[in-house]
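# Coordinates in review
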Amino acid sequence: KAGVTQTPRYLIKTRGQQVTLSCSPISGHRSVSWYQQTPGQGLQFLFEYFSETQRNKGNFPGRFSGRQFSNSRSEMNVSTLELGDSALYLCASSGRLAGRDTQYFGPGTRLTVL
Amino acid sequence: AQSVTQLDSQVPVFEEAPVELRCNYSSSVSVYLFWYVQYPNQGLQLLLKYLSGSTLVKGINGFEAEFNKSQTSFHLRKPSVHISDTAEYFCAVSEGGNTPLVFGKGTRLSVIA
């Protein structure tokens, strides 16, 4: 079974640009959550999508947005990048497989804003 | 609102020695508790979780944790660590259902040969 895939793995952007990150969940999982990891703030919840609908949202500015497609793949977008957006962005795939609730994290996308 | 406190940011320990990584949480409702491990340049891997039932939870790689409701703690233990256990460990809490995970700041475990 393939794991959670995140692309790209590394990204370098400059301030003011925008970026789109992609997450492909485990086959059969319908929920995708996004987290931001920084040395100062640790791991913080961004948002969660389930069946193409945003189900939960963390405390981030509107520059951070996301969406989910019918095949459960999710994208997150950050507009007008700031230096403080440099972070590891992790996505987690959740769902019920073989009668058990399961959750797996992807390897992350490391975003550097210059 | 929920919060998680990992009391130690770094824990050095000699190989084959026991280790305990401490985690305390606060929440006004019943919670689910998790421990994750993160190896360098990798995502998070679930070590173990407490949802209900027995307060002693066994996980992968020989780790276990004990849920103590009166002390609002969920400390992670391993009786004998290996060099390969060197990593960052995160404690997390959720109120269940669709609520997101709230993570602690992490504890960096360094196993010394």
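The rules we used
- Residues numbered from 1 in each chain as written.
- Chains lettered and ligands numbered in written order.
- Predicted model: local features only at pLDDT ≥ 70, side-chain atom pairs only at ≥ 80, totals over all residues.
- Heavy atoms only, no water.
- Contact = heavy atoms within 4.5 Å.
- Buried area = accessible area lost by both parts, 1.4 Å probe.
- Salt bridge = Lys/Arg side-chain N within 4 Å of Asp/Glu carboxyl O.
- Polar contact = N/O pair within 3.5 Å; in protein donor to acceptor, adjacent residues only side chain to side chain.
- Nonpolar A, V, L, I, M, F, W, Y, C, P; charged D, E, K, R; others polar.
- Helix = DSSP H or I, 4+ residues; strand = E, 2+ residues; numbered from the N terminus.
- Buried < 20%, exposed > 50% of the residue type's maximum accessible area, 1.4 Å probe, protein only.
- Phe/Tyr/Trp six-rings, centres within 6.5 Å; stacked < 30°, edge-to-face > 60°.
- Lys NZ or Arg CZ within 6 Å of the ring centre and 35° of its normal.
- Core = buried A, V, L, I, M, F, W, Y, C linked by side-chain atoms within 4.5 Å.

## As for the interface of chain A and chain B
When the parts come together, some accessible area is lost, and that loss is often what is quoted as the size of the interface. Counting from both sides, the interface comprises 18 residues of chain A and, opposite them, 14 residues of chain B. Both faces considered, chain A and chain B share a buried interface measuring about 1300 Å² in area, 49% of it formed by carbon and sulfur atoms. Among the residues of chain A in contact with chain B, Y35, L43 and F105 of chain A are the three that bury the most area, contributing 35% of the side total. Here chain A and chain B share zero salt bridges between them. Connecting chain A to chain B are five residue pairs in polar contact (both at pLDDT 80 or more). In terms of residue class, the side of chain A that touches chain B is made up of seven nonpolar, seven polar and four charged.

## Regarding the pattern of salt bridges
Scanning the model with the defined rule gives 11 salt bridges over all chains in all. Between D85 of chain A and R63 of chain A there is a salt bridge, with its nearest N and O atoms 2.8 Å apart. Taken together, the residues span a long stretch of sequence, with D85 of chain A in the loop between β8 (74-78) and β9 (87-97) and R63 of chain A in the loop between β6 (53-57) and β7 (64-68) at a distance of 22 residues. With respect to burial, D85 of chain A and R63 of chain A carry one shared label: buried. The partner of E66 of chain B in a salt bridge is R77 of chain B, with the nearest N and O atoms 3.7 Å apart. With E66 of chain B in strand β8 (residues 64-68) and R77 of chain B in strand β9 (residues 73-78), the pair connects residues that are 11 residues apart, well separated along the chain. For R77 of chain B, a relative accessible area of 27% translates into the label partly exposed. The structure contains a network of salt bridges with shared partners spanning R63, E82 and D85 of chain A.

## With respect to the packing of aromatic side chains
Inspection of every chain in the model, using the stated rule, returns 12 aromatic pairs over all chains. Measuring from centroid to centroid gives 5.7 Å for F47 of chain A and Y49 of chain A, while their planes differ by 70 degrees, and the two rings are edge-to-face. We classify F47 of chain A as buried; its relative accessible area is 1%. Ring geometry for F90 of chain B against F103 of chain B: centres 6.4 Å apart, planes inclined by 90 degrees, an arrangement best described as edge-to-face. Placement of F90 of chain B in strand β10 (residues 87-94) and of F103 of chain B in strand β11 (residues 102-103) is noted, with a sequence separation of 13 residues between them. Three or more aromatic residues joined by ring pairs make a cluster, and in this case those are Y35, F45 and F105 of chain A together with F34, Y36, F90 and F103 of chain B. A cation over a ring is seen here: R55 of chain A above F50 of chain A, with NZ or CZ 4.3 Å from the ring centre.

## Regarding the nonpolar core
Core analysis: the largest hydrophobic core is formed by 27 residues, its most contacted members being L33, W35, L47, L48, F74, L76 and Y89 of chain B. For this core, the secondary-structure elements that each account for two or more residues are β2 (10-14), β3 (19-21), β5 (32-38), β6 (44-50), β8, β9, β10 and β12 (107-112) of chain B. In terms of residue count, the dominant contributor to this core is β10 of chain B (four residues). Once you skip the residues sitting within four places of it in the chain, L48 of chain B turns out to touch L33, F34, W35, V57, K58, G59, F63, E64, A65, F74 and L76 of chain B. Formed by 21 residues, the second largest nonpolar core is a distinct cluster that contains V4, L11, V19 and F60 of chain A.

## Here we look at the environment of G53 of chain B
Mapped onto the elements, G53 of chain B comes out in the loop between β6 and β7 (56-58). Residues G53 of chain B and S73 of chain B, 20 residues apart in the sequence, show an inter-C-alpha distance of 16 Å.

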